[in-house]
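Each chain, written out:
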Amino acid sequence: MSEELCEMSLQQTQELLRLTDVTLQNICCKRFTTEELYVEALAKVLGGDGRRGPRSIFIAFQEAADAIYRGRVFHLNKGEMVEGSEEIRIDPLSTYAVDLTEAEVVVSNWNDSCETIEEYQTNFHPYVKTAIGTSIKNFVCCRISGERPGAIIAFNYPGRATNYEADVLRSLGVVIGSLVTLSNEVRETEKAFIYTIEALARACEAAEEGTGQHIVRVNRYAGALAANMGLPAEFVVSLSHAAQMHDVGKIKIPPTILLKPGPLNAAEMEVMMRHPVYGEQILGDSPRLQTAREVAIAHHENWDGTGYPYNLKGENIPLAGRIVRVADVYDALRSTRSYKEPYSHAQALQVFTEGDQRIRPAAHFDPAVLATFFKIEHIFDKIYESLSSG
Ligand SMILES: [Fe+2]
Ligand SMILES: [Fe+2]
């Protein structure tokens, strides 16, 4: 083994280890797709930037052992991974799958097994050949183990493909296998987390009769507002789950007040107005619940500082709270309340334009959120109409 090759293989393996390390560090606070993970890992071993590596990689996964392989070809172009193909499916029983299934690792060079390079091409799936775009001279294939089995085939190393390249690729297979398993675990945990949040929100909704699907709709309005304000995708997703927590503090309001059919007197109103602070207390200090906490504490604050509980003003009110304020008011207008019949969309729009005895739009709402509301008001109507069975 030449010293140079050894050095390169070591360097690439170290890059993969660093990737695993960084991924593990981030895994609690970052959302991954399986594809993001392996594309990042593939970029570490493809040739380029003076690195010795393959020109193209085909990576494919199976839903289970013996199932069809589904995958894509990737190339490295100016340091960026680019997809070289649509999804390619390979039946594990077909001749093209021999190298995918036969051994843990296969190293192959055309002149070891064929008279001509043209003859060598007949071993490969036509779609894979098209995606690679040039004659295949060599390849290394290795299995990916873990929850989602699969295989990686790296094509066209400069010169000959060797066992050293096979070692790097095998490390890549192990790294990808573990990252995929981990990211599946994280996704499951995420699902459980969202389910728990929803269960908590439903518990509060049950305490307050007659709200029907209010919390589901508020999630949807808030997500639509945030997305149309051009806010980062991560914030949009987080707000679309957190908005439903706005009234979580009402669980601590006595039913005699919460469910009182008529208007509340001053003392009862004072108790009722504690629900944002109760909500903040219930949600605690977990960083994962930060948006939910901001929504709970700030969804009754007004832009001009006349809201409650802290009389926050303008941009001192957390953005998530300013957005949910608009979503919550729209839904309250459309719904039956002890003091009013449900409004039509046109009547609700009128309140957002001219105000009424409770709402002064220019004073109460963030102007940017209000402007976005008017831009997408038809979406609000659609959300209400499609989710108003409750
Ligand atoms: Fe509230
Ligand atoms: Fe509400």
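Engineer: Describe the overall build of the protein, naming the residues involved and giving the relevant values.
Structural biologist: The number of helices and strands found in the protein is 18 helices and 7 strands. In the protein, which comprises 390 residues, the proportion classed as buried is 35%. Long-range pairs, those at least 24 residues apart, make up 63% of the contacts in the protein between residues at least 6 apart in sequence.

Engineer: I'd love a proper account of unusual backbone geometry, names of residues and values included.
Structural biologist: The residue after Tyr308, namely Pro309, is reached through a cis peptide bond having omega 10°. Its location among the elements puts Pro309 in the loop between α13 (290–298) and α14 (319–334). Although it is not a glycine, Asn156 sits at a positive phi angle of roughly 60°. On the basis of neighbour counts, which here come to 19 C-beta atoms within 10 Å, the residue Asn156 falls in the partly exposed class. In this structure, Asn311 takes a positive phi of about 50° despite not being glycine. Looking at the element boundaries, Asn311 is found in the loop between α13 and α14.

Engineer: Which residues make up the packing of helix α8 (residues 214–228) against helix α9 (residues 233–242), and what are the values?
Structural biologist: Contact pair α8 / α9: the axes reach a minimum separation of 7 Å and the direction vectors enclose 165°. Classified by the interaxial angle, the pair formed by α8 and α9 is roughly antiparallel. Remark: the crossing between α8 and α9 carries right-handed chirality. Touching Asn219, Ala222, Gly223, Ala226 and Ala227 of α8 are Phe235, Val236, Leu239, Ser240 and His241, all from α9.

Engineer: Any chance you could break down the nonpolar core for me, citing the residues and the numbers?
Structural biologist: In summary, soluble globular proteins display a tendency toward joint burial of nonpolar side chains. Of all hydrophobic cores here, the largest spans 41 residues; its most connected members are Ala151 and Ile152. If you list the elements that add at least two residues to this core, you get α2 (34–45), β1 (56–61), β2 (69–77), α6 (126–132), β6 (138–144), β7 (150–155) and α7 (163–207). Ranked by residues supplied to this core, first place goes to α7 with 7 residues. Apart from residues lying up to four places away in sequence, Ala151 is in contact with Ala60, Tyr69, Leu100, Cys141, Cys142, Arg143 and Ile144. With 39 residues, the next largest nonpolar core counts Leu225, Val295, Ile297 and Ile317 among its residues.

Engineer: An account of α14 is requested, with residue identities and associated values reported.
Structural biologist: A rise of 1.5 Å per residue sets the reference length of α14, with its 16 residues, at 22 Å; its end C-alpha atoms lie 23 Å apart and thus fit the reference within 8%. Burial runs high along α14: 15 of the 16 residues are buried.

Engineer: Any chance you could break down the packing of helix α12 (residues 275–283) against α13 for me, citing the residues and the numbers?
Structural biologist: As a packed pair, α12 and α13 sit with axes 7 Å apart at the nearest point and diverge in direction by 165°. With respect to their mutual orientation, α12 and α13 come out roughly antiparallel. Along this stretch, α12 crosses α13, giving a crossing that reads as left-handed. Between α12 and α13, the residues in contact are Pro276, Gly279, Glu280 and Leu283 and Ala292, Arg293, Ala296 and Ile297, respectively. By residue class, the composition of the contact of α12 with α13 is 5 nonpolar, 1 polar and 2 charged.

Engineer: Run through the confidence of the model for the protein, naming residues and quoting values.
Structural biologist: Per-residue confidence for the protein gives a mean pLDDT of 85; residues scoring 70 or more make up 85%. No element of the protein has a lower mean pLDDT than helix α1 (residues 3–26), at 62, and none a higher one than helix α17 (residues 367–375), at 98.

Engineer: Lay out α12 in plain terms, naming residues and giving numbers.
Structural biologist: What sets the pattern is the α-helix's 3.6 residues per turn: residues three or four places apart point alike. Of all the positions in α12, only His275, Pro276, Gly279, Glu280 and Leu283 are classed as buried. Considered in projection along α12, the buried side chains sweep an arc of 145° and stay on one side of the axis. As for α12, its buried residues are in contact with α11 (266–272) and α13. Just beyond α12, the residue with positive phi is Gly284, at close to 65°.

Engineer: Residue-level account of the environment of Pro92, with values.
Structural biologist: Within the secondary structure, Pro92 sits in the loop between β4 (88–90) and α3 (98–101). On the basis of neighbour counts, which here come to 16 C-beta atoms within 10 Å, the residue Pro92 falls in the partly exposed class. Remark: the alpha-carbon pair of Pro92 and Ile68, spanning 24 residues in sequence, is separated by 5.9 Å.

Engineer: Break down the environment of Asn302 for me, citing the residues and quoting the values.
Structural biologist: Residue position: Asn302 is located in the loop between α13 and α14. For the pair formed by Asn302 and Arg360, sequence separation is 58 residues and the distance between their alpha carbons is 9.6 Å.

Engineer: Give me the lowdown on the environment of Val248, citing residues and values where you can.
Structural biologist: Counting through the fold element by element, Val248 comes out in the loop between α9 and α10 (255–258). For Val248, a count of 28 C-beta atoms within 10 Å gives the class buried. Distance from Val248 to Arg293, taken between C-alpha atoms, is 9.7 Å for residues 45 residues apart in sequence.

Thresholds, definitions, all that
- Residues numbered from 1 in each chain as written.
- Chains lettered and ligands numbered in written order.
- Predicted model: local features only at pLDDT ≥ 70, side-chain atom pairs only at ≥ 80, totals over all residues.
- Helix = DSSP H or I, 4+ residues; strand = E, 2+ residues; numbered from the N terminus.
- Buried ≥ 20, exposed ≤ 12 C-beta atoms within 10 Å, placed from the backbone.
- Contact = placed C-beta atoms within 7 Å.
- Axes fitted to C-alpha atoms, helices over the stretch in contact; angles between N-to-C directions.
- Parallel < 35°, antiparallel > 145°, perpendicular 65-115°, else oblique.
- Left-handed = near helix turned anticlockwise from the far one by under 90°.
- Core = buried A, V, L, I, M, F, W, Y, C linked by C-beta atoms within 7 Å.
- Expected span 1.5 Å × (residues − 1).
- Nonpolar A, V, L, I, M, F, W, Y, C, P; charged D, E, K, R; others polar.
- pLDDT = per-residue confidence, 0-100.
- Arc of directions from axis to C-beta.

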